[in-house]
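# Structural overview for review
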Amino acid sequence: MPLYPQLILDALKTVRYPGTGKNIVEMGMVEDDIRIASLHVAFSLIFDKPTNPFLKSLVKASEAAIHAYVGKEVEVEIKTKTAAPATVPEGSPSGTAEQPYAHLGNIIAVSSGKGGVGKSTVAANLAIGLARLGHRVGLLDCDIFGPSMPKMFHVEDARPYSEEIDGKAMIVPVEQYGVKMLSIGFFVDPDTPTLWRGGMASNALKQLIGEAAWGDLDYFILDTPPGTSDIHLTLVQTLPITGAIIVSTPQQVALADARKGLNMYTNEKVNVPILGLVENMAWFTPAELPDNKYYIFGREGVKQLAEDTGHPLLAQIPLVQSVCESGDAGTPAALHPETVTGQAFLQLAARVVTQTDKRNAELAKTEIVATH
């Protein structure tokens, strides 16, 4: 059974603070720092003072509750803190490194203003395309509440394990199609909705970034959730994102949201360069009439948006039935360069390399966004 933070919280809700009738979760004594690595669970309990008479008994009761309600085989590590923890600037694990996460290479955020425009399909095929071009690629599924990469890479049953590296337990990413990949989907029940508070989701994401054995990469692709959210804020406060790619359909309602995505990254406080735009579902081409183009969602709306905003149009991806089928089957289109869509995604990967090199030659490295 996979472990996830809500399981731990549910177990801890059975632990009551003596004399109050309230449980320790309800009282805010469980800090929002639950970390899970395989069968190892670590978190902190907050007490009003180090001499609290129930400190030791509540620590033991918490450990016993997890063993009783989650599993006897779970290793439990509980730290105790006094009062509210001091605010610590977010960033790299050390917080002092001048170049945190330099080993991740070029960090590319693939974003969309709204859902349903094929952002994850573009991210998956971009990662595979870069790998096929000979680059070392990592892919992080940042959609905590709707992870799709395990299915798209045909690794739904994979269970990442932890390995001790330099004395620290690190999560080993799943490798498929030449891409190293992690997703919260590996650690939660796929049939159960992920009901996490924002801070818990952000902590899980930071763990997948900073406590994973990614190795040295050339490109680290972030498949971000649609819209703008706490997750996006966590990413720009944690990683020096090299550039963002905005995905949209030509539809006017999608373009309006795409503009919001552009504004989020180009905001002076965030200041992440835009590498370019991708027009997905640019037209429909039936398999039996490969030369025909039907503009179902409007014509060249993203191309026009790119011209209006001065950003490059990286690709126009046609809507072909095989794109959906290959994604559902776990064999993305970029694995099939003989197809129209496969070729389009490989060309996208090549253009992303060109734009990234141009960005790195002309602009300074992106700064991690301050938390205040």
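It should be noted that the structure appears before, not after, this text.
Residues numbered from 1 in each chain as written. Predicted model: local features only at pLDDT ≥ 70, side-chain atom pairs only at ≥ 80, totals over all residues. Heavy atoms only, no water.

### What about the overall build of the chain?
- Each helix and strand in the chain was counted, giving 10 helices and 13 strands.
- A buried classification covers 52% of the 372 residues belonging to the chain.
- Considering only contacts within the chain whose residues lie at least 6 apart along the sequence, 74% involve residues at least 24 apart.
- Accessible area of the chain: about 17400 Å², with a carbon and sulfur share of 52%. (Helix = DSSP H or I, 4+ residues; strand = E, 2+ residues; numbered from the N terminus. Buried < 20%, exposed > 50% of the residue type's maximum accessible area, 1.4 Å probe, protein only. Contact = heavy atoms within 4.5 Å. Areas by Shrake-Rupley, 256 points an atom, 1.4 Å probe, with all protein chains shown as cover.)

### What to know about the pattern of salt bridges
- Applying the stated rule across the entire model yields 10 salt bridges.
- Here Glu156 makes a salt bridge to Lys151, at a shortest N to O gap of 3.9 Å.
- Of the charged contacts in the structure, one is a salt bridge between Asp257 and Lys260, with a shortest N-O distance of 3.6 Å. With a gap of 3 residues between them, Asp257 and Lys260 both fall in helix α7 (residues 252-266), about one helical turn apart. (Salt bridge = Lys/Arg side-chain N within 4 Å of Asp/Glu carboxyl O.)

### Some words on α7
- The first and last C-alpha atoms of α7 sit 21 Å apart over 15 residues, in line with the 21 Å expected at 1.5 Å per residue.
- For α7, the full list of buried residues reads Ala254, Leu255, Asp257, Ala258, Gly261, Leu262, Met264 and Tyr265. When α7 is viewed along its axis, its buried side chains cluster within an angular range of 165° and face the same direction. Exposed residues on α7 whose side chains face more than 90 degrees from its buried face are Gln252, Lys260 and Asn263.
- On the buried face of α7, the contacting elements are β4 (106-111), α6 (230-238), β11 (243-248), β12 (274-284) and α8 (301-309). (Expected span 1.5 Å × (residues − 1). Arc of directions from axis to C-beta.)

### Here's the deal with the environment of Ala212
- You can see Ala212 is positioned in the loop between α5 (198-210) and β10 (219-223).
- With 39 residues separating them along the chain, Ala212 and Pro173 place their C-alpha atoms 6.9 Å apart.
- Residues contacting Ala212, with those up to four places away along its chain left out, are Met170, Ile171, Leu182 and Gln207.

### Regarding the nonpolar core
- The biggest cluster of nonpolar side chains holds 82 residues, and the ones touching the most others in it are Leu140, Phe153, Ile221, Leu222 and Leu239.
- When residues of this core are assigned to their parent elements, the largest contribution, 8 residues, is made by helix α3 (residues 119-132).
- Leaving out residues up to four positions away in the same chain, Leu222 has contacts with Ile107, Ile108, Ala109, Val110, Leu140, Cys142, Leu235, Leu239 and Ile241.
- Grouped together as the second largest cluster of nonpolar side chains are 28 residues, Ala11, Ile24, Leu58 and Met200 included. (Core = buried A, V, L, I, M, F, W, Y, C linked by side-chain atoms within 4.5 Å.)

### Considering a nonpolar patch on the surface
- A cluster of nonpolar residues, Leu289, Tyr294 and Ile296, forms a patch on the protein surface that exposes about 280 Å² of accessible area.
- Relative to the helices and strands, Ile296 resides in the loop between β12 and α8. (Patch = residues over 30% accessible without salt bridge, like charges linked within 9 Å, V, L, I, M, F, W, Y side chains within 5 Å.)

### Observations concerning the pairing of β11
- In terms of residue burial, β11 counts as a mostly covered element, since 6 of its 6 residues are buried.
- Neither face of β11 is exposed, since Gly243, Ile245 and Val247 on one face and Ala244, Ile246 and Ser248 on the opposite face are all buried.
- In this structure, β11 lies alongside β12, joined through 5 bridges in parallel fashion. When the bridges of β12 are listed, Ala244 appears paired with Ile274. (Pairing = 2+ DSSP bridges.)

### A few points about the packing of α3 against helix α10 (residues 340-362)
- The geometry of α3 relative to α10 is characterised by a closest axis approach of 8 Å and an angle of 75° between their N-to-C directions. Classed by the angle they form, the pair α3 and α10 counts as roughly perpendicular. Of the residues in α10, those in contact with Thr121, Val122, Asn125, Leu126, Gly129, Leu130 and Arg132 of α3 are Phe345, Leu346, Leu348, Ala349, Val352 and Val353.
- Taken together, the residues that form the contact of α3 with α10 break down as 9 nonpolar, 3 polar and 1 charged. (Axes fitted to C-alpha atoms, helices over the stretch in contact; angles between N-to-C directions. Parallel < 35°, antiparallel > 145°, perpendicular 65-115°, else oblique. Nonpolar A, V, L, I, M, F, W, Y, C, P; charged D, E, K, R; others polar.)

### What to know about the side chain of Ser183
- Along the chain, the position of Ser183 falls in strand β9 (residues 179-183).
- Judged by its relative accessible area of 0%, Ser183 is buried.
- Discounting residues that sit within four places of it in the chain, Ser183 has contacts with Asp141, Pro147, Pro150 and Leu208.

### Let's talk about the packing of helix α1 (residues 5-12) against helix α2 (residues 55-69)
- Running from N to C, α1 and α2 point in directions that differ by 115°, and their axes come no closer than 8 Å. Read as a crossing pair, α1 and α2 show a hand that is right-handed. Note on element contacts: α2 touches α1 through Ser62, Ala65, Ile66 and Tyr69, opposite Ile8, Ala11 and Leu12.
- A class-by-class count of the residues in the contact of α1 with α2 yields 6 nonpolar, 1 polar and no charged. (Left-handed = near helix turned anticlockwise from the far one by under 90°.)

### Thoughts on the sheet that holds strand β2 (residues 40-47)
- If you walk across this open sheet you meet the 3 strands as β1-β2-β3, and the pairing is mixed. Bordering the open sheet on either side are β1 (35-37) and β3 (75-82), each of which pairs with just one other strand. Geometrically, the sheet is characterised by an average inter-axis angle of 20° between neighbouring strands, direction not taken into account.
- Here β2 pairs with β3 via 8 bridges, running parallel. Bridged to Ser44 within β3 is Lys79.
- Relative to the sheet, α2 contacts β2 and β3, its axis offset from that of β3 by approximately 150°.

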